[in-house]
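Examining the three-dimensional arrangement
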Amino acid sequence: MVTASHNPKADDGYKVYWENGAQIIPPHDSGIAHSINQNLQPWQTFDFDNVRTHALFKDVTEEVATEYTAAIARMATRRDRNPSSNLRVAYTGKKRLGESVAALILIDCFCRLSTAMHGVGAPWIARAFEAFHHKPLHVVPQQRDPDPDFPTVAFPNPEEKGALNLAMQFAAENDCSLIIANDPDADRLAAAERASDGTFKAFSGNEIGVLLGYWLIQQWKAKHVDGPAAVLASVVSSRMLKKIAT
């Protein structure tokens with residue numbers, strides 16, 4: 001799997017999985033490395049034009065994007081009120097948007113500053129905001145476009161200490177109260193909120209999960225749905241949702 005993800009730029013490239021579906025462990029790593037060293041020269045050159053001009057070639061990017069946007073738009077519960085929101089959100093591109101679904105719920109709850117953290121998230125978060133009838137968000141310009149060198153961050157993980165510094169500065173300059181950040185491949189999401197003293201509180205993944213879980217429970221109760229409901233936590237997540245559900 002080729003990915004920029006949230007790794008330091010020196011470690012960027014790919015993740016390798018074994019036939020058991022898990023990432024490789026010794027001795028498979030050294031065996032693969034040995035094979036790579038025996039094949040440092042490409043076997044042949046590859047002409048991408050031969051792919052794009054092939055009779056079977058079809059670029060489905062826009063088709064998939066349109067269907068995906070329509071699917072997430074159906075999650076909106078406040079679309080009629082979202083245009084009147086005065087909340088200014090800043091976006092910076094770093095994850096856990098799974099996290100993608102969670103981010104959309106987060107957007108629906110509160111709303112505009114965001115960052116793509118030198119990754120691919122900017123056009124997708126913009127489409128999501130449009131689908132939810134939000135006003136356009138404020139994007140951190142230095143981190144909007146893809147750049148494999150990640151020039152403004154040492155570690156492009158939005159949960160890493162210091163990774164949101166530039167977004168916080170931009171948010172303060174543009175009077176934004178909420179920061180949404182993706183990692184470069186836009187599958188991680190972080191959020192930070194400006195406090196009354198002007199400082200920003202960056203939420204942990206567990207805190208975001210609890211907030212989103214509480215919001216969904218309240219939405220479920222408001223619909224007066226009959227029958228049981230459940231919330232789930234992963235093995236590595238906080239059990240606070242259990243208390244909230246109780």
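Residues numbered from 1 in each chain as written. Predicted model: local features only at pLDDT ≥ 70, side-chain atom pairs only at ≥ 80, totals over all residues. Heavy atoms only, no water.

**Looking at the pattern of salt bridges**
- For the structure on display, the rule yields 6 salt bridges.
- Glu63 serves as the salt-bridge partner of Lys58, at 3.4 Å between the closest nitrogen and oxygen.
- The class for Lys58 is exposed, based on a relative accessible area of 58%.
- Glu62 is paired through a salt bridge with Arg127; the nearest N and O atoms lie 3.1 Å apart.
- Its relative accessible area of 47% is what places Glu62 among the partly exposed residues.
- Of the residues examined, Arg127 reaches a relative accessible area of 25% and is grouped as partly exposed. (Salt bridge = Lys/Arg side-chain N within 4 Å of Asp/Glu carboxyl O. Buried < 20%, exposed > 50% of the residue type's maximum accessible area, 1.4 Å probe, protein only.)

**So, unusual backbone geometry**
- A cis amide bond links Pro26 with the next residue in sequence, Pro27, at an omega value of 5 degrees.
- You can see Pro27 is positioned in the loop between strand S2 (13-14) and helix H1 (28-37).
- Phi at Met117 takes a positive value of approximately 45 degrees, unusual for a residue other than glycine.
- Looking at the secondary structure, you find Met117 in the loop between strand S4 (113-115) and helix H5 (122-131).
- Residue classification places Met117 among the buried positions, given a relative accessible area of 0%. (Helix = DSSP H or I, 4+ residues; strand = E, 2+ residues; numbered from the N terminus.)

**Looking at helix H7 (residues 205-222)**
- When the terminal C-alpha atoms of H7 are compared, their 26 Å separation across 18 residues agrees well with the 26 Å that a helix rising 1.5 Å per residue should span.
- Taken as a whole, H7 has its buried residues at Ile208, Val210, Leu212, Gly213, Trp215 and Ile217.
- At the exit of H7 stands His224, carrying a positive phi of roughly 55 degrees. (Expected span 1.5 Å × (residues − 1).)

None of the figures reported here should be taken as evidence of function without further support.
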